[in-house]
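Commentary on secondary and tertiary structure
Spelled out, the chains give:
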Amino acid sequence: MFRRLFRTSLSRPDLHQRYLLSISYRHFQNTCALPVPTLISPSETCSVERFQDIQIFRRFSSLYSQKAHSRRHPSVSIPAVNRAGRSELLRSLESSLGSSFSSNSLLPNPNPLIIVISGPSGVGKYTVIKKLKETREDLHFVVTATSRAKRPGEIDGKDYYFVTKEEFLSMVERDQLMEYALVYGDYKGVPKQQIRDYVGKGHDIVLRVDIQGAQTLRRILGKSAIFIFLVAENEMTMAERLVDRKTETAESLLVRVASAREEVKHVKWFDYVVVNAKGKLENAVKQVESIIDAEKAKVRP
Ligand SMILES: Nc1ncnc2c1ncn2[C@@H]1O[C@H](COP(=O)(O)OP(=O)(O)OP(=O)(O)O)[C@@H](O)[C@H]1O
């Protein structure tokens with residue numbers, strides 16, 4: 001590009017004749033240190049046109065001498081690649097650059113991720129998260145507090161903090177919960193302290209909440225959290241899962257399936273939707289993992 005511009009300016013007859021710029025392009029390319037000629041004697045008055053020509057010339061010479069300087073270091077020669085050893089080549093590249101290669105990470109230190117997994121009752125939130133825990137030890141799963149009774153196989157402090165209604169309300173009073181809701185007659189809430197502790201130490205965290213909880217968290221966290229909506233492939237599968245789990249009374253089943261019908265309409269509040277299809281738990285978990293990996297790889301999470 002420079003060759004073209006340089007020639008264009010020099011080929012202008014007035015510029016060429018008036019300032020007698022006999023510097024060859026080859027000379028410029030070799031030395032990269034273009035002598036700046038005295039274009040105007042101090043006493044000389046300068047026309048606008050001539051002044052502009054001088055400015056153009058000076059801009060070129062300054063720009064290209066800077067670029068060429070940054071490209072190579074005049075005092076260091078790099079040995080022939082086919083003859084020099086690896087470390088010799090690396091050393092000479094370092095001295096040519098004027099500083100050693102750093103082994104520090106080239107990546108910026110990303111902010112910890114907050115991943116919210118939500119979806120209608122019986123869709124498989126707990127099952128997906130349990131499986132995810134096995135493969136992603138780097139994630140911290142925030143343990144929700146609940147006033148509901150423990151289901152078979154659930155462990156206090158691991159799956160939920162099982163508390164009484166009074167204990168739960170006292171946590172609310174002491175402002176210990178980031179969000180809470182009364183879901184199907186039981187309280188559920190996310191303890192603030194766990195989030196502070198883990199996010200403060202730079203850990204990625206995963207929260208499991210119902211749809212109401214997800215909407216509250218969206219209002220609080222906005223775009224600083226990733227919201228994943230888990231669904232079954234169809235209503236029938238969702239209802240079957242609740243029935244087969246054998247944890248609900250007839251009334252509770254009715255409330256949950258009726259709510260689920262409404263809740264699937266809230267998918268638009270979420271960033272991602274993952275289908276947890278019958279017998280395809282592994283696929284759903286893999287998809288959640290892919291979302292986490294993609295979010296971690298984002299330049300601006
Ligand atoms: N992909 C799947 N295929 C078949 N069954 C599944 C699948 N995922 C979950 N289940 C079963 O569905 C039932 C409900 O799952 P789970 O308890 O994880 O749902 P949940 O969304 O956490 O429910 P809730 O919000 O009511 O606690 C469980 O019995 C579980 O084993």
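Model, not experiment: these values are computed from the prediction. (Residues numbered from 1 in each chain as written. Predicted model: local features only at pLDDT ≥ 70, side-chain atom pairs only at ≥ 80, totals over all residues.)

1. Concerning the packing of helix α10 (residues 235–245) against helix α11 (residues 250–263)
Contact geometry of α10 with α11 gives a least axis separation of 11 Å together with a crossing angle of 155°. Regarding the angle of α10 to α11, the classification is roughly antiparallel. Here the hand of the crossing between α10 and α11 comes out right-handed. Facing α10, whose interface residues are Met238, Ala239, Leu242 and Val243, α11 presents Leu253, Arg256, Val257 and Ala260. Residue composition of the contact of α10 with α11, grouped by class: 7 nonpolar, no polar and 1 charged. (Axes fitted to C-alpha atoms, helices over the stretch in contact; angles between N-to-C directions. Helix = DSSP H or I, 4+ residues; strand = E, 2+ residues; numbered from the N terminus. Parallel < 35°, antiparallel > 145°, perpendicular 65-115°, else oblique. Left-handed = near helix turned anticlockwise from the far one by under 90°. Contact = placed C-beta atoms within 7 Å. Nonpolar A, V, L, I, M, F, W, Y, C, P; charged D, E, K, R; others polar.)

2. Side note on the sheet that holds strand β4 (residues 160–162)
Here 4 strands make up an open sheet; going across it, the order is β4-β3-β6-β5 and the pairing mixed. Two strands lie at the open edges of the sheet, namely β4 and β5 (177–183), each paired on one side alone. Averaged over all adjacent pairs, the angle separating strand axes in this sheet is 25°, with direction ignored. The pairing of β5 with strand β6 (residues 186–191) spans 6 bridges and is antiparallel. Paired with Leu182 across the two strands is Tyr187, which belongs to β6. (Pairing = 2+ DSSP bridges.)

3. Focus on the UniProt feature "domain: Guanylate kinase-like" (unreviewed entry) in the protein
Feature annotation in UniProt assigns "domain: Guanylate kinase-like" (unreviewed entry) to the following positions: residues 112–293. Helix makes up 43% of residues 112–293 and strand 23%, and the two end C-alpha atoms of the span are 12 Å apart. (UniProt positions renumbered as here; feature names shortened; annotations may be inferred.)

4. Focus on helix α9 (residues 211–221)
Every buried residue of α9 is listed here: Ile211, Gly213, Ala214 and Leu217. One face of α9 carries all of its buried residues, which in axial projection span an arc of 150°. Exposed and facing more than 90 degrees away from the buried side of α9 are Arg219 and Ile220. Backbone geometry just downstream of α9 places Gly222 in the positive-phi region, at approximately 55°. (Buried ≥ 20, exposed ≤ 12 C-beta atoms within 10 Å, placed from the backbone. Arc of directions from axis to C-beta.)

5. Things to note about the nonpolar core
Among the nonpolar cores identified, the biggest contains 33 residues, and Ile115, Val116, Ile117, Val128, Ile228, Leu230 and Val288 are the most heavily contacted of them. Mapped by element, the contributors of at least two residues to this core are β1 (114–118), α6 (125–135), β7 (204–208), α9, β8 (226–231) and α12 (281–296). Among the elements that take part in this core, β8 stands out by supplying 6 residues, more than any other. Discounting chain neighbours no more than four positions away, the residues touching Val128 are Ile117, Leu230, Asn276, Leu281, Ala284, Val285 and Val288. Judged by nonpolar contacts, the second largest core, of 5 residues, contains Ala145, Tyr160, Tyr180 and Tyr187. (Core = buried A, V, L, I, M, F, W, Y, C linked by C-beta atoms within 7 Å.)

6. Re unusual backbone geometry
Phi is positive for Asp175, close to 55°, though the residue is something other than glycine. Here Asp175 lies in the loop between α7 (165–173) and β5. Even without glycine at this site, Tyr184 takes up a positive phi of about 50°.

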